[in-house]
Amino acid sequence: MKLKPGLSAIVTGGANGIGKGLSLALARKGVLVTIIDFSEEKGKETALLIEEENRKFYAGSQLPLAQFIRCDVTNTRDLAAAFQKHVQTYGGLDICITSAGIGCPISFYKDETDGEDSWRKTVRVNLIAVIDCTRIAIDIFQASGRPGVILNLGSASGLYPMYADPIYAATKGGVVLFTRSLVPFKQKGIRVNVLCPEFVETDLASKVNQEFIKSTGGYIPIEMVVKGAFELITDESKTGKCLWITKRRGFEYWPTPEEEKKYLANPRQSKSRSSSYNSSSLVIPQNFEKIVVHTLSHNFRRATKIVRTHLSLPVQSQHVLVKILHAGVNASDVNFTSGRYFKSSDKEQLSHLPFDAGFEAVGLIAAIGDSVEGLKVGMAIATMSFGGYAEFMLVPAKHILLVPRPDPEVLAMLTSGLTASIAFEKAARMKSGKVVLVTAAAGGTGQFAVQLAKLAGNKVVATCGGQKKAAMLKELGVDRVIDYKTEDVKTVLKKEFPKGLDIVYESVGGEMFNVCLNALAMYGHLVVIGMISQYQGEDGWKPLTYTGLCEKLLAKSQTVSGFFLVQYVHLWQEHLDRLFDLYSSGKLKVFVDPTKFVGISAVADAVEYLHSGKSIGKVVVSIDPTFHQQVAKL
């Protein structure tokens, strides 16, 4: 739903606090707002402020530019009458926000009354009234035949225990699960979501121990709450979603897909993450081609060769046969062919030969073993198992990742996208309001890093080489692009960012690592996800010595973290789902290098092209460009 003049909204508890902030933010978009609140004085004051905001949108209009209705939300009859008055005034309802809430001032085990300070009153205001408002709003939406959005105000206290006020936590936990259980209403055009901020500076929060609030990172600005609310209101893909907002970690949807798997009866089938294709066109040949490493060398072309292999059926019981459509090219392909990832002696490394090359691919399931559950022939999948440079590939079923489409853009989300997403969360522990530098930012993983850092509410700086790459990064919203071919990175960082960089996402190594380390701020995090400048050359990867590293880190309480994707396999599906959600909603762009590499024979060319420094975005090899199918229609 796009916020625009002509829409109308009801906000309960809109006279102050979060409700007031959301009411004014809606008015700035031209939305006509009715405030339902028990406080008449504050309600009328807020209504006047809303009128001022709306005046520029409704010059000459006879409609009330704001409306305040005094109402106790626990009085079901009065509450229903307030909703009806809004509908009569504005001709309908588009948005309902339930923001009314109170704390419980008396310990529940000492309270046997049912008065104004009773814990029962807290339950009626915080939970029962929310259910009533949701019910009434749904009735209005259905009667009018118009789509609508309901945003219930939960709390971070509904996600984890609040020892000081267990009744408040219980009511907010009830709001969260109540909202998440209303997904089926999406079929009727009604979306219900819940917003769970941590502490916002309100009268209610002022009663909480302030030292505890400081320990969580302090108060969340109302602007963050508004941004989160608007995301849930405007994003049509969000229904039954719970958005958790913290000062420490920014925006997070809860529970994660990984948590959902714990209660879904069949996670693979229930998530509907994979499209099904017409399996009758999946011809399984007797032989297929693949690339194997036959000698250890940092020169990919020299180390590999194309071999023809017999394809035997039936497939092993716990395995899946995948028809590869697209394979991804990575800088570390040359480390793999040199045996760098085998932790053994030279003699032991040679014993691994020959082995299959390629880290990632997308394709379709061509056959399945008899013990495989939750997968079927024709499903679109991704795999991050060794052997992606092949026409067909046998993969253990447990290593299959479900994807909506087997496209190059989805392929780019694998090694490249997952590295950025998981590294920022686990290694950098990224928050909002920071200065984030991404090196080699126009590459496969850099493009994801700059966008994820921006989406988290940070100022993003990026390095690249060349005008085309710089233009791409500006299109992605980077605040400051440093083209090292025309500017000195060290000079720019020292002059424009004298306080230093809070987070560095570093993949270049060598001198660039030194420059970034010296530009790191107090308490800064530098995450090493690679060192592409050291991968090149006949002798391969040469470790470097960084003199004084320990002293620098100690002096400013800084952190340097290494990140290797294979050690986070348990997070792949969760983060892949998250990336595709961002992509499908238009919040994430994916650049695939336009240079065409077609067939197994083009893989070596593609690897050399990546290391030439000319690539922009993700380099992809189309293993079978002739395979074009439409998604099977239900």
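Residues numbered from 1 in each chain as written. Predicted model: local features only at pLDDT ≥ 70, side-chain atom pairs only at ≥ 80, totals over all residues. Heavy atoms only, no water.

A.B. asks: Quick one: what's the story with the overall build of the protein chain, residue by residue and with numbers?
C.D. replies: When you go through the protein chain residue by residue, the secondary structure sums to 20 helices and 23 strands. Over its C-alpha atoms the protein chain spans a radius of gyration of 28 Å, differing by no more than 12% from the 26 Å that the globule rule assigns to 634 residues. In terms of principal-axis extent, the alpha carbons of the protein chain reach across some 80 × 60 × 55 Å. Computed over 73 positive and 61 negative side-chain charges, the inter-centroid distance for the protein chain is 2 Å. (Helix = DSSP H or I, 4+ residues; strand = E, 2+ residues; numbered from the N terminus. Rg over C-alpha atoms; globule rule 2.2 N^0.38 Å. Lys, Arg positive; Asp, Glu negative; His and termini not counted. Charge placed at Lys NZ, Arg CZ, Asp CG, Glu CD.)

A.B. asks: Quick one: what's the story with the pairing of strand S3 (residues 66-70), residue by residue and with numbers?
C.D. replies: Burial within S3 is extensive, with 4 of its 5 residues counted as buried. Sheet topology places strand S2 (residues 32-37) next to S3; 5 bridges connect them, and they run parallel. When the bridges of S3 are listed, Val33 appears paired with Ala66. Once the chain exits S2 it traverses helix H2 (residues 40-54) before rejoining the sheet at S3, and the crossover so formed is right-handed. (Buried < 20%, exposed > 50% of the residue type's maximum accessible area, 1.4 Å probe, protein only. Pairing = 2+ DSSP bridges. Right-handed = clockwise from strand over helix to strand, strands pointing away.)

A.B. asks: Please give an account of the packing of aromatic side chains that cites residues and values.
C.D. replies: If you walk through the whole model with that rule in mind, you get 11 aromatic pairs. Ring centres of Phe336 and Phe355 lie 5.0 Å apart, and the angle between their planes is 65°; on these two criteria the pair is classed as edge-to-face. One end of the pair, Phe336, is in helix H11 (residues 333-337); the other, Phe355, is in strand S12 (residues 355-356), with 19 residues separating them in the sequence. No difference in accessibility class separates Phe336 from Phe355, as the two residues are buried. Here Phe336 and Phe386 contribute two aromatic rings whose centre-to-centre distance is 4.6 Å and whose plane-to-plane angle is 20°, an arrangement assigned as stacked. Here Phe386 lies in the loop between strand S14 (380-383) and strand S15 (392-396) and Phe336 lies in helix H11, a separation of 50 residues in the sequence. (Phe/Tyr/Trp six-rings, centres within 6.5 Å; stacked < 30°, edge-to-face > 60°.)

A.B. asks: Describe the pattern of salt bridges, listing the residues and the values that go with them.
C.D. replies: Tallying each qualifying case throughout the model produces 25 salt bridges. With its nearest N and O atoms 3.0 Å apart, the salt bridge here joins Glu40 to Lys44. Here Glu40 pairs with Lys44, and both are found in helix H2, just 4 residues apart, close to one helical turn. Across the salt bridge formed by Arg405 and Asp407, the nearest N and O atoms sit 2.7 Å from each other. A residue is classified by how much of its surface remains accessible, and Arg405, at 32% relative accessible area, is partly exposed. (Salt bridge = Lys/Arg side-chain N within 4 Å of Asp/Glu carboxyl O.)

A.B. asks: Any details on the sheet that holds strand S20 (residues 501-506)? Residues and values, ideally.
C.D. replies: The strand order S19-S18-S17-S20-S21-S22 describes an open sheet built from 6 strands, whose pairing is parallel. A single partner strand is all that each edge strand has here, and the edge strands are strand S19 (480-483) and strand S22 (559-562). Going from strand to strand, the sheet's axes swing by 15° on average, the running direction of each strand aside. Where S20 and strand S21 (residues 520-528) come together, 5 bridges link them in parallel fashion. Each bridged residue has a counterpart across the sheet, and for Tyr505 the counterpart in S21 is Val527. On top of the sheet, helix H16 (residues 489-496) reaches strand S17 (435-438), strand S18 (459-464), S19 and S20; it is set at about 150° to S19, its chief contact. (Axes fitted to C-alpha atoms, helices over the stretch in contact; angles between N-to-C directions. Contact = heavy atoms within 4.5 Å.)

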